[in-house]
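Here is what each chain is made of, one letter per residue.
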Amino acid sequence: KAFFFSGLTAMEKKLAEYKCNTNEAIQLKLVRFPEDLEDDNTTFNPEFSHQVFGDDEVAFGYKGLKILLYYIAGNLSTLFRIEYTSKVNEKFDCVEVSADDVESKIREIIPPGFCTNSDDFVSLLEKEVNFKPFGMLLHTYSIHNEEAGEDITYQIYKADMTCPGFREYHERLQTFLMWFIETASFIDVDDERWNYFLVFEKYNKDGATLFATVGYMTVYNYYVYPDKTRPRVSQMLVLPPFQGEGHGAQLLETVHRYYMSSPTVLDITAEDPSENYVKLRDFVLVKLCQDLLCFSPVKLMQGFSQEMVTEAQQKWKINKQHTRRVYEILRLRATNMGDAEQSRSYRLDVKRRLIGPYKKKQRELAKMRRCLRPEEMTNQLNQIDLNLQREQLEDSFQQLVSDYRRVLERLAQA
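Residues numbered from 1 in each chain as written. Predicted model: local features only at pLDDT ≥ 70, side-chain atom pairs only at ≥ 80, totals over all residues. Heavy atoms only, no water.

- Going by the annotation in an unreviewed UniProt entry, the name recorded for the protein is Histone acetyltransferase type B catalytic subunit, with Orthonyx spaldingii given as the source organism.
- We quote the UniProt Catalytic activity (unreviewed entry) comment for the protein here in full: "L-lysyl-[protein] + acetyl-CoA = N(6)-acetyl-L-lysyl-[protein] + CoA + H(+)".
- UniProt annotates the protein under Sequence similarities (unreviewed entry) with the comment "Belongs to the HAT1 family." (UniProt positions renumbered as here; feature names shortened; annotations may be inferred.)

Digging into a positive patch on the surface
Here is step 1: Among the surface-exposed residues, Lys359, Lys360, Arg363, Lys367 and Arg370 lie close enough to one another that they form a single positively charged patch.
Here is step 2: Examined against the element boundaries, Lys367 turns out to sit in helix H14 (residues 356-371). (Patch = residues over 30% accessible without salt bridge, like charges linked within 9 Å, V, L, I, M, F, W, Y side chains within 5 Å. Areas by Shrake-Rupley, 256 points an atom, 1.4 Å probe, with all protein chains shown as cover. Salt bridge = Lys/Arg side-chain N within 4 Å of Asp/Glu carboxyl O. Lys, Arg positive; Asp, Glu negative; His and termini not counted. Charge placed at Lys NZ, Arg CZ, Asp CG, Glu CD. Helix = DSSP H or I, 4+ residues; strand = E, 2+ residues; numbered from the N terminus.)

Section: the sheet that holds strand E3 (residues 43-44)
Here is step 1: Here 4 strands make up an open sheet; going across it, the order is E3-E2-E6-E7 and the pairing mixed. Edge positions in the sheet fall to E3 and strand E7 (78-83), since each has one partner strand and no second.
Here is step 2: Two strands pair when backbone bridges link them, and strand E2 (residues 26-31) and strand E6 (residues 66-72) are joined in this way by 6 bridges, in the parallel orientation. Bridging across to E6, Leu28 finds its partner in Leu69.
Here is step 3: Helix H5 (residues 118-126) contacts E2, E6 and E7 of the sheet and is inclined by roughly 20° relative to E6. (Pairing = 2+ DSSP bridges. Contact = heavy atoms within 4.5 Å. Axes fitted to C-alpha atoms, helices over the stretch in contact; angles between N-to-C directions.)

What to know about the confidence of the model for the protein
Here is step 1: Summarising the model, the protein shows a mean pLDDT of 91, and 93% of its residues fall at 70 or more.
Here is step 2: Predicted confidence is poor over residues 1-5, with pLDDT under 50, and the contacts of this stretch with residues over four places away or in other chains come to 0 contacts. (pLDDT = per-residue confidence, 0-100.)

If you want it as structure tokens, here you go:
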């Protein structure tokens, strides 16, 4: 028996050598020049691969597995190739094992028509000079690039499925969601209520101006009775080589500016926003609102008002909940936290909002108490400890203030 177990663990060890972490195995590139193919500096990896390879993010059956997914920088034509140093065969030390079908899993998310060898891919790269962004130009901006020692120009376009070639391009673009958004899913592009906002970088190659894909956002126009819409941000992705440069803020601000002139739009919301998205939105909305008269220091000190709600909604299509956050951030900036009275007044104002959910819970408990007989009252119902509630409230407040300060720091640098 002992021999059998040690044999099993040796076997397990052997099999473990054929397990590859798919986040490391998948190698992504956005290719502008043929030499990028050989340059490791242009490679980046997924943050997630569980949607394709399961929660363990592992592919079994290979040693030295590389899943190459290379995209031409602009129109995202794709090279897909699998490389490995060895693969398990059917009879593996008398145990039947088979390697995962990695190719099928990738084919499920990338559209057909990809290249499988570098020569075909490089010949497509030569045609890239003909690629132009889709749709209508909304905004142009430039960002100084330290490395290049020059300003680089970016453009934001609004596109839809009627733009020639856009449907196929979007199929290639959306594959990136699987690797960088934890709970990504593909949208129904046949629904005409979707709007697409795309960011491109202009770059030079052999004297010509070319365009590279930087990121994008999808927005769904929800109908609100009787004749209004409420655009909801669904997906937003800035591709990793461009992250941390301020493109997300440019994109979100451009979307607000696009909708602000539409009388039928009520306000803009977001579907299941991530923490990073909330930080980005705080920054963009505060930047847009800081010069509105209703947010003057004097008015901020008088507290949150209906005037703020109305003005933010009419001018920038911001909803009440987000306007309240804008108010709290701008009021923090106008408050001298070293002054005991001002600081106390600010703390009470924010905590009054934070305590809302606690109060609701207590009202529900009071209702239950009236309905239940004493013996049915479980301990936990009696244990809404006020001290604990105070602690939680203070923690929430401190966390919020530190988030708000980060927004204000970024604003000061903008």
